[in-house]
Amino acid sequence: MGELISREAALRDIAAASQKYEFETRDILAGLYEADAIIRELPAIDPVRRASWVKDKDGNWICTGCGHPAIPHPILHETHQCTTDYCPKCGAKMDGGEQR
């Protein structure tokens, strides 16, 4: 998975950089290179969502992140190990770790 950046931060920084050229004639290509450099310097966020599989009151495995049911294994449907490593709905990694 690629890195995720804040769109708001990118637009804010590009707008701030463009202010210094408001009254000057600019080469479009140079402006694009500068915007590219600004976006590349922005910090990336951690895209990993974390959750775990737990049984609900009916005995079904559900995601603690979104409540979506696990995809049952055709043979091992009674065990915790039968569930996938990621939630099919929200994409959370099922390692029981804390959300970052």
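Note that this is a predicted model, so its numbers are computed, not measured. (Residues numbered from 1 in each chain as written. Predicted model: local features only at pLDDT ≥ 70, side-chain atom pairs only at ≥ 80, totals over all residues. Heavy atoms only, no water.)

(A) Fine view of the overall build of the protein. Of regular secondary structure, the protein possesses two helices and two strands. Reading the protein from its N terminus to its C terminus gives the helix and strand order α-α-β-β. Residue pairs at least 24 apart in sequence account for 48% of intrachain contacts in the protein once pairs closer than 6 positions are excluded. Summed over its atoms, the accessible surface of the protein is roughly 7,700 Å², and 55% of this surface lies on carbon and sulfur atoms. (Helix = DSSP H or I, 4+ residues; strand = E, 2+ residues; numbered from the N terminus. Contact = heavy atoms within 4.5 Å. Areas by Shrake-Rupley, 256 points an atom, 1.4 Å probe, with all protein chains shown as cover.)

(B) Representation of the environment of Gly96 in the model. Assignment of secondary structure puts Gly96 in the segment after strand 2 (61-63). A relative accessible area of 53% means that Gly96 is categorised as exposed. Along the sequence, Gly96 and Trp53 sit 43 residues apart, while their C-alpha atoms lie 8.0 Å from each other. With residues up to four places along the chain from it excluded, the contact list for Gly96 reads Ala51 and Ser52. (Buried < 20%, exposed > 50% of the residue type's maximum accessible area, 1.4 Å probe, protein only.)

(C) Looking closely at the pattern of salt bridges. Under the defined criterion, the tally for this structure stands at three salt bridges. In this structure, Arg12 engages Asp13 in a salt bridge whose closest nitrogen and oxygen atoms are separated by 3.7 Å. One salt bridge connects Arg50 with Asp95, and the closest N-O pair in it is separated by 2.3 Å. Of this pair, Arg50 sits in the loop between helix 2 (28-41) and strand 1 (53-55) while Asp95 sits in the segment after strand 2; the two residues are 45 residues apart in sequence, bridging distant segments of the chain. By relative accessible area, which is 38% here, Asp95 ends up partly exposed. (Salt bridge = Lys/Arg side-chain N within 4 Å of Asp/Glu carboxyl O.)

(D) Spotlight on the side chain of Arg50. Look at Arg50 and you get buried, because its relative accessible area is 14%. At 2.3 Å, the side chain of Arg50 forms a polar contact with the side chain of Asp95. (Polar contact = N/O pair within 3.5 Å; in protein donor to acceptor, adjacent residues only side chain to side chain.)

(E) Layout of the environment of Ile14. With respect to the helices and strands, the residue Ile14 is situated in helix 1 (residues 7-19). The exposure class assigned to Ile14 is partly exposed, which follows from its relative accessible area of 27%. Taking the C-alpha atoms as reference points, Ile14 and Gly31, 17 residues apart in sequence, are found 9.6 Å from one another. Once you skip the residues sitting within four places of it in the chain, Ile14 turns out to touch Ala35, Ile38 and Ile39.

These figures come from the coordinates and say nothing about function on their own.
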